[in-house]
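Residues per chain, in single letters:
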Amino acid sequence: MTILVLGGAGYIGSHTAYELIERGEDVVIVDSLETGYLEAVHPKARFYQGDIRDRSFIDRVFEQEKIDAVIHFAANSLVGESMVNPLKYYDNNLCGTKVLLESMVAHKIDKIVFSSTAATYGEPERVPILETDRTCPTNTYGETKLSMEKMFHWTEVAHGLKYVSLRYFNACGAHKSGAIGEAHNPETHLIPLILQVPNGKREAISIYGDDYDTKDGTCVRDYIHVTDLAQAHILAVEYLMKGNESNIFNLGSGVGFTVMEVIEAARKVTGHPIKAEIHPRRAGDPAKLIASSEKAKTTLGWKPEYTDLEVIIGSAWNWHKNHPNGYQSK
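These figures come from a predicted structure and were not determined experimentally.

**Student:** Please explain the packing of helix α8 (residues 259-270) against helix α10 (residues 309-322) as it appears in this structure.
**Tutor:** Two numbers describe how α8 lies on α10: the axes approach to 9 Å, and their chain directions differ by 60°. Here α8 lies oblique to α10, going by the angle between them. Note on packing geometry: the crossing formed by α8 with α10 is right-handed. Of the residues in α10, those in contact with Glu 261, Val 262, Ala 265, Ala 266, Lys 268, Val 269 and Thr 270 of α8 are Leu 309, Glu 310, Ile 313, Gly 314 and Trp 317. Classifying every residue of the contact of α8 with α10 gives seven nonpolar, two polar and three charged.

**Student:** Mind showing me how you'd approach the side chain of Thr 214 here?
**Tutor:** The residue Thr 214 is located in the loop between β8 (205-208) and β9 (220-225) in this model. Taking relative accessible area as the criterion, Thr 214 reaches 15% and is therefore assigned buried. Only 3.0 Å separates the side chain of Thr 214 from the backbone nitrogen of Gly 217, close enough to count as a polar contact. Excluding residues within four positions of it along the chain, Thr 214 makes contact with Val 220, Ala 287 and Lys 288.

**Student:** Is there a simple way to think about unusual backbone geometry in this case?
**Tutor:** One can expect most non-glycine residues to show negative phi and most peptide bonds to be in trans. Each neighbour pair has its own omega, and for Val 127 with Pro 128 the value is 0°, a cis peptide bond. At the junction of Asn 185 and Pro 186, the peptide bond is cis and its omega measures out at 5° in the coordinates. Looking at the secondary structure, you find Pro 186 in the loop between β7 (170-172) and α6 (190-195).

**Student:** Which parts of the structure should I look at to understand the nonpolar core?
**Tutor:** A general trend in soluble globular proteins is that nonpolar side chains are found buried together. One finds Ile 12, Val 27, Val 113, Val 164, Leu 166 and Leu 251 to be the most contacted residues of the largest nonpolar core, which totals 35 residues. Elements supplying a minimum of two residues to this core: β1 (2-6), α1 (11-22), β2 (26-31), β4 (69-72), β6 (162-168), α7 (226-241) and β10 (247-251). Broken down by element, the residue count for this core peaks at nine residues, all from α7. When neighbours within four sequence positions are excluded, Val 113 is seen to be in contact with Val 70, Ile 71, His 72, Val 164, Leu 166, His 233, Ala 236, Val 237 and Leu 240.

**Student:** Any chance you could explain the packing of aromatic side chains here in plain terms?
**Tutor:** Geometrically, a pair of aromatic rings is defined through the distance of the ring centres and the angle of the planes. Applying the stated criterion across every chain, the model contains five aromatic pairs. Aromatic side chains Tyr 37 and Tyr 327 sit 4.9 Å apart centroid to centroid with 35° between the ring planes, which places their arrangement in the tilted category. Pair noted here: Tyr 37 is in the loop between β2 and β3 (46-49) and Tyr 327 is in the segment after α10, with a separation of 290 residues, a long-range link. For the pair Tyr 37 and Tyr 327, one class covers both residues: buried. Seen from their ring centres, Trp 319 and Tyr 327 are 4.9 Å apart, and the 55° between their planes marks the pair as tilted. Taken individually, Trp 319 and Tyr 327 each receive the classification buried, so the pair is uniform in this respect. Ring-pair connections join several aromatic residues into one group, and the members of that group are Tyr 37, Trp 319 and Tyr 327. In this structure, Arg 281 is placed above the aromatic ring of Tyr 212, and the distance from its NZ or CZ to the ring centre is 3.9 Å. The ring of Phe 249 has Lys 295 lying over it, and the distance from NZ or CZ to the ring centre is 5.2 Å.

**Student:** Could you clarify how one ought to interpret the sheet that holds β2 in this entry?
**Tutor:** Sheets are built from strands that pair by backbone hydrogen bonding, the pairs being arranged parallel or antiparallel. Across the sheet, seven strands lie side by side as β3-β2-β1-β4-β5-β6-β10; this open sheet has parallel pairing. Unpaired on one side and paired on the other, β3 and β10 mark the two borders of the sheet. Recorded for the sheet is a direction-independent mean angle of 20° between the axes of neighbouring strands. For β1 and β2, the ladder comprises five bridges, and the chain directions are parallel.

**Student:** Sorry, what's going on with the layout of surface pockets here?
**Tutor:** If you roll a probe as big as a water molecule over the atoms, it shows you where there is empty space left. Size it by volume and the second largest pocket reaches roughly 310 Å³. Counted by class, the lining of the second largest pocket contains six nonpolar, nine polar and three charged residues.

**Student:** I keep staring at the pairing of strand β5 (residues 111-117) and nothing clicks. Help me out?
**Tutor:** For a regular strand, side chains alternate in direction, first toward one face of the sheet and then toward the other. The buried fraction of β5 amounts to seven of the seven residues, a majority that puts the element mostly inside the structure. The two faces of β5 match: Lys 111, Val 113, Ser 115 and Thr 117 on one face and Ile 112, Phe 114 and Ser 116 on the other face are all buried. Pairing of β5 with β6, which is carried by seven bridges, proceeds in the parallel orientation. Bridged to Phe 114 within β6 is Ser 165. One crossover worth recording links β5 to the parallel β6 by way of helix α5 (residues 140-159), and it is right-handed.

Criteria and cut-off values
Residues numbered from 1 in each chain as written. Predicted model: local features only at pLDDT ≥ 70, side-chain atom pairs only at ≥ 80, totals over all residues. Heavy atoms only, no water. Axes fitted to C-alpha atoms, helices over the stretch in contact; angles between N-to-C directions. Helix = DSSP H or I, 4+ residues; strand = E, 2+ residues; numbered from the N terminus. Parallel < 35°, antiparallel > 145°, perpendicular 65-115°, else oblique. Left-handed = near helix turned anticlockwise from the far one by under 90°. Contact = heavy atoms within 4.5 Å. Nonpolar A, V, L, I, M, F, W, Y, C, P; charged D, E, K, R; others polar. Buried < 20%, exposed > 50% of the residue type's maximum accessible area, 1.4 Å probe, protein only. Polar contact = N/O pair within 3.5 Å; in protein donor to acceptor, adjacent residues only side chain to side chain. Core = buried A, V, L, I, M, F, W, Y, C linked by side-chain atoms within 4.5 Å. Phe/Tyr/Trp six-rings, centres within 6.5 Å; stacked < 30°, edge-to-face > 60°. Lys NZ or Arg CZ within 6 Å of the ring centre and 35° of its normal. Pairing = 2+ DSSP bridges. 1 Å grid on protein atoms, 1.4 Å probe; cavity = no way out; pocket = protein on both sides within 12 Å on 5 of 7 lines; lining within 4 Å. Points joined across faces, edges and corners; volume = space filled by probe spheres on them. Right-handed = clockwise from strand over helix to strand, strands pointing away.

The structure is reproduced here in structure tokens:
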């Protein structure tokens, strides 16, 4: 199979490309490098730098490569930024996907796996969250991802496109080789922020709210290793290649950890005391976000390998201690 990975120089996209190549698949990567890194691109992948909003560019890729299926990671994904610059998110996420789909239809490419998000649910009605639960995003990022899902649906109605949307929770960890890992600028994810303390990049980790209705008062989140996410995308491609119907799946561990539990696990892994400071709650932070991934397990045959929090953080620490400035310094 020849798989086009859009956003394949980014965090989850690069890990997915690595897993595909390890399985012997042919991989083509498209990335604008706005937030991705050339160093994260697998040397065996064919790389095209460009923007999916550029119709002539994406047409050229489809004309030069015989693509069997597309995995779509190309999007802006910072919740906070999406609230202060919403039109950027509509432009990149929605307009980019529109142009992509127009080109896919024109070139008769009819299978796509989409990197969606738990942010499509907004404030959950219950925990664990099911795929059938209400979708009511509380931020622009989640709203654009939900709109992209709807775009796939209506493109299927009109043109026969088949899609799988994967809604996932807190991606974390790094590749077992240590060759690629998580590098965002600015960094907003909890585990890399925690690991900046033992790396000497910050004095302390901030905890926003310790008065939630949870076991220790801090927010509960579902953490899923990036390699397990990558495997789910590959299984979703295989699912579509077998002629199955379009579908939506949650991806998570099904187990929630509090912020304090994550910090404590990082202390054990790094051997560093990691100072923590309590701050007021942030607006819009739900107390608990945990996924039910039973549907992905039964339908796709997905089996997460990384279920131990210390192992997950250990893989992240292996990357961050050797790349304290991300891809900027080896």
